[in-house]
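Survey of secondary and tertiary structure
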Amino acid sequence: GNDLHMPGAIYEDQQVAPWFLTAAASGAFCYPNNIGLSVLHAFGYGCAVVTGDDVAAQNPEIEAHRDGENGLLFRRGDPDDLAAKLTSLFRDADLRQRLSVEARKTAAEVFTLDNMVDGFVAAIRRVTQDG
């Protein structure tokens, strides 16, 4: 069966990697609110990400999350909906695998370091040209 693990703060890649790999294989990475770069980190390990649907309460990296494609959103303030989304991933290996594949593709093909640097450079050029 699936177990819920809440390991606390872990920052070193060598320590966090086993948690992400386990989550990708059998469950999901859940970050209920104010998700930031963790969404991309989880995607890099192929983890489906479950987070809240209040986009205004999230950091800009939420743009990478696509509900039903590389993760799931739950209704803000609704623990029953959160439980239902997590349960669906625990019980449906096909859904979990599909979301996992898309999560990895999001990190590897869309939100790459090169693409992010290109975006920053384009933004800086635009600001300096308009200013």
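In case you missed it, the structure is sitting above this.
Keep in mind that what you see is a predicted model, and the values were worked out from it rather than measured. Throughout this document, residue positions are counted from 1 along each chain, in the order its sequence is written. Where totals are concerned, whole chains, interfaces and linings use all residues; where local detail is concerned, this predicted model gives features only for residues with pLDDT of at least 70, and gives and counts side-chain atom pairs only at 80 or more. The basis for every side-chain value is the complete set of heavy atoms in the structure, and neither hydrogens nor water enter the calculation.

Before going further, it helps to spend a moment on the overall build of the protein. Secondary structure assignment for the protein yields five helices and three strands. With respect to the principal axes defined by its C-alpha atoms, the protein has extents near 55 × 35 × 30 Å. In this analysis, two residues are considered to be in contact whenever any of their non-hydrogen atoms come within 4.5 Å of each other. Counting only contacts in the protein whose residues sit at least 6 apart along the sequence, the fraction spanning at least 24 positions is 47%. Just so you have it, the protein exposes about 8,400 Å², and 54% of that area is on carbon and sulfur atoms. Each charge class in the protein was averaged separately, 11 positive and 19 negative side chains, and the resulting centres sit 4 Å apart. Numbering goes from the N terminus for both helices and strands, where a helix is a DSSP run of H or I of at least four residues and a strand is a run of E of at least two. Note on areas: Shrake-Rupley, 1.4 Å probe, and residue coverage restricted to the protein chains presented here. Positive charges are assigned to Lys and Arg, negative charges to Asp and Glu, while His and the chain termini are left out of the count. For charged residues, the charge sits on one atom: NZ in Lys, CZ in Arg, CG in Asp, CD in Glu.

With that settled, the discussion passes to helix 1 (residues 13-26). The end-to-end C-alpha distance of helix 1 is 20 Å, a good match for the 20 Å that 14 residues give at a rise of 1.5 Å each. Val16, Ala17, Phe20, Ala23 and Ala24 are the residues of helix 1 that are buried. Mapping the buried residues of helix 1 onto a view down its axis gives an arc of 135 degrees, with all of them on the same face. Of the exposed residues in helix 1, the ones pointing more than 90 degrees away from its buried face are Gln14, Gln15 and Ala25. A helix is expected to reach a length of 1.5 Å times the quantity of its residues less one. Only protein chains enter the area calculation, which uses a 1.4 Å probe; residues under 20% of their type maximum are buried, those over 50% are exposed, and those in between are partly exposed. What the arc measures is the spread of directions leading from the helix axis to the C-beta atoms.

Let us now look at the nonpolar core. Residues belong to a common nonpolar core when they are buried Ala, Val, Leu, Ile, Met, Phe, Trp, Tyr or Cys residues joined through side-chain atoms within 4.5 Å. Phe20, Phe29, Phe43, Cys47 and Val49 are the most contacted members of the largest nonpolar core, which has 18 residues in total. Mapped onto this core, the elements with two or more residues apiece are helix 1, helix 2 (38-44) and helix 4 (93-110). If you tally residues by element for this core, the top one is helix 1, at five residues. Excluding residues within four positions of it along the chain, Phe43 makes contact with Val49, Ala64, His65, Asn70, Ala103, Arg104, Thr106 and Ala107. Counting 10 residues, the second largest nonpolar core, distinct from the first, contains Ala28, Leu72, Leu86 and Leu95.

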